[in-house]
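Architecture at a glance
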Amino acid sequence: MRAGGRTAPGALVLALALLRRCLLLGPLGLRSAGAQDGNGCGHTLLTPHSGTLSSKNYPGTYPNHTMCCWQLQAPPGTSLLLAFGDVDLEPSEHCALSSLLLTDPQTGTAYGPYCRNTIPSAPLLVTNSSTVTVLFNSTSHRSGRGLLLSYATSQHPDLVSCLVRGTHYTREYVSVYCPAGCKDIHGDIWGNPSQGYRDTSVLCKAAVHAGVIADELGGQVTLSREKGITLYESAFANGLRSKRGSLSEKRLMFHKACDDVLEVVTFNASSWWHEVGVLGQDRAWVAERAALSTTGHSWAAEPDAQAAWLELDLGTRRNVTGIITKGSSEQHDYYVTSYHVSSSRDGKNWRPYRGSSGQEEKLIGLDPHNPKKKQDLDKLYDLKAKAQQIMNQFGPSTLINLSNFSSIKPEPASTPPQSSMANSTTVAKMPGTPSGGGRLSPESNQVLTKKKLQDLVREVDPNEQLDEDVEEMLLQIADDFIESVVTAACQLARHRKSNTLEVKDVQLHLERQWNMWIPGFGSEEIRPYKKACTTEAHKQRMALIRKTTKK
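Everything quoted here is computed from the prediction, not taken from an experiment. (Residues numbered from 1 in each chain as written. Predicted model: local features only at pLDDT ≥ 70, side-chain atom pairs only at ≥ 80, totals over all residues. Heavy atoms only, no water.)

Moving on to the state of the cysteines. Considering all chains together, one arrives at 4 disulfides under this definition. Across a sulfur-sulfur distance of 2.1 Å, Cys-95 and Cys-115 are joined as a disulfide pair. Taking the sign of the S-S torsion, -70° for the link of Cys-95 and Cys-115, the bridge is left-handed. With Cys-95 in the loop between strand S5 (80-88) and strand S6 (98-104) and Cys-115 in the loop between strand S7 (109-114) and strand S8 (124-126), this residue pair connects regions lying 20 residues apart in the sequence. Across the pair, Cys-115 and Cys-95 agree in class, each one buried. In this model, Cys-162 is linked to Cys-182 through a disulfide, with the two sulfur atoms separated by 2.0 Å. Here Cys-162 and Cys-182 share a disulfide; its torsion about the S-S bond, -75°, makes the bridge left-handed. Taken together, the residues Cys-162 in the loop between strand S10 (146-153) and strand S11 (173-178) and Cys-182 in the loop between S11 and strand S12 (191-192) connect sequence positions 20 residues apart. The same class applies to Cys-162 as to Cys-182, namely buried. (Disulfide = S-S within 2.5 Å. Helix = DSSP H or I, 4+ residues; strand = E, 2+ residues; numbered from the N terminus. Buried < 20%, exposed > 50% of the residue type's maximum accessible area, 1.4 Å probe, protein only.)

On to the nonpolar core, then. Counting residues in each nonpolar core, the largest one holds 26 residues, and the members touching the most others are Trp-70, Leu-72, Leu-82, Leu-100, Leu-102 and Val-134. For this core, the elements supplying multiple residues, two or more each, are strand S2 (41-46), strand S4 (66-73), S5, S6, S7, strand S9 (131-138) and S10. The biggest single contributor to this core is S5, with 4 residues. When neighbours within four sequence positions are excluded, Leu-102 is seen to be in contact with Leu-82, Phe-84, Thr-109, Ala-110, Tyr-111, Tyr-114, Leu-125, Val-132, Thr-133 and Val-134. (Core = buried A, V, L, I, M, F, W, Y, C linked by side-chain atoms within 4.5 Å. Contact = heavy atoms within 4.5 Å.)

Right, let's get into the sheet that holds S10. Pairing is antiparallel in the open sheet, where 5 strands are placed in the order S2-S3-S10-S5-S8. Strands with a single pairing partner mark the edges of an open sheet, and in this sheet they are S2 and S8. When the angles between neighbouring strand axes are averaged without regard to direction, this sheet yields 15°. Inspection of the sheet shows S2 paired to strand S3 (residues 50-55) by 4 bridges, in the antiparallel sense. (Pairing = 2+ DSSP bridges. Axes fitted to C-alpha atoms, helices over the stretch in contact; angles between N-to-C directions.)

Our focus in this paragraph is unusual backbone geometry. Residue Pro-59 is bonded to the preceding Tyr-58 through a cis peptide linkage, with omega at 5°. With respect to the helices and strands, Pro-59 occurs in the loop between S3 and S4. Of note, the bond from Gly-112 into Pro-113 is cis; its omega dihedral lies within 30 degrees of zero at 0°. Relative to the assigned elements, Pro-113 resides in strand S7. You will see that His-65, though not glycine, has its phi angle at about 50°, which is positive.

What follows deals with the pairing of S3. With 6 of 6 residues buried, S3 is to be regarded as a mostly interior element. Taking every second residue as pointing to the same face, both faces of S3 are buried, with Ser-50, Thr-52 and Ser-54 on one and Gly-51, Leu-53 and Ser-55 on the other. As consecutive antiparallel partners, S2 and S3 are separated by 3 residues. Here S3 pairs with S10 via 5 bridges, running antiparallel. Counted as the bridge partner of Leu-53 is Leu-149 from S10.

Laid out in structure tokens, this is it:
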């Protein structure tokens, strides 16, 4: 046994006890990638060539009286490398209270136990085995983030942890191997693929955002450290949203191995949207407009389409390593949040892309059904319902009806394939899960700021606290509304052959489209204010209030 360079009798007893507990958890059934069991397991992604694992709640405090046992299995003929990203377990003698232990069943070697006062001497552990058992155990404790480990096969000696940042390097060109599973690890990234990333960004997570590797596979990452820029813009890509960042000394520019755009012979779709504008003009959102090079509006399915799909005929068998999606860039700023990919050789028999696990059909992008997203959407719907109650009391012309925003027509994005995802063939069909999206603008230019939004929410319900993602969604809705009103008003101004936008143009659109009339603007005519009809439900509530106050 190895324990910080020497053998400790107490540690030996602990190691045997932990190994026995791991075996008692039940047969894990070793597979080519590995397996896990126990109640102390956190984020885990195990693949044959690399993976990432963490304790429960990481990087928050790990819970008391838990354990987890991971069994890692590399392909035959290779051995395992382990990168210690973080080991922060409450210290104790021989790490008896909380510990990390690694065992090699093939050679009988053990590494550890490790805790805060007995940490690994090197960030990378080289084993001579293709099988390693990782044991995590906790008893009563007060503090500690837990652990984060990554692994890869001996074919990737330049393995790095998910927590490594760009500032870790000083040389101009960097080539490292990022393990699978870094996407959901805590860590910030600033920037986007075109501008580059702030050098304080978490490197492997930024590589997933840039599209140079797939999170479920990991891979080799090559980048250069170039002169920093004044401002890094935020962007949403590959299921991650980067942050807006300020000046840095260096920036990270990723280099893609394959970035040749594949030619699409023909486009086909489940349906297309026939749009009729405010002034009666027609616009066809047909499948051919899904090409990435298309300017203006893109392809969109019919407004009531339940299962929209876009079919791309590549003409011949191709290797697809990535897919770029882009929303419409004219008037309607919509985009697809997630979609499935299927491939076919004859256009009749379709095989879904299942990712590295091969078990479930792979959902690319944000999953609208994951627990956090569902919780955020539930909060938004609750807020809209409460706002609707107020609108029912005061009438439709007093407040903007938030329910109208949910009926915005989604536009599946322009989707040209790049040299991309393996096992793809002649045609790629993408049933989408589209969602309307708005433009983000700096808070200083927003009509509705976060502070004003919070004040409005408190007026609706003083006890309501919005999640940050829900706030962003509502601010986007407000931006979309302002932009759509201004665009429509400009069209009315052009229709009367004027180069000046006047208040009456805005007022006409608000009256015709939204049944909103704002007194005191654009006209000297004084209109009598018509009080909205009071609903029967409101009358009953008011009667109950008066009855209660009389008692």
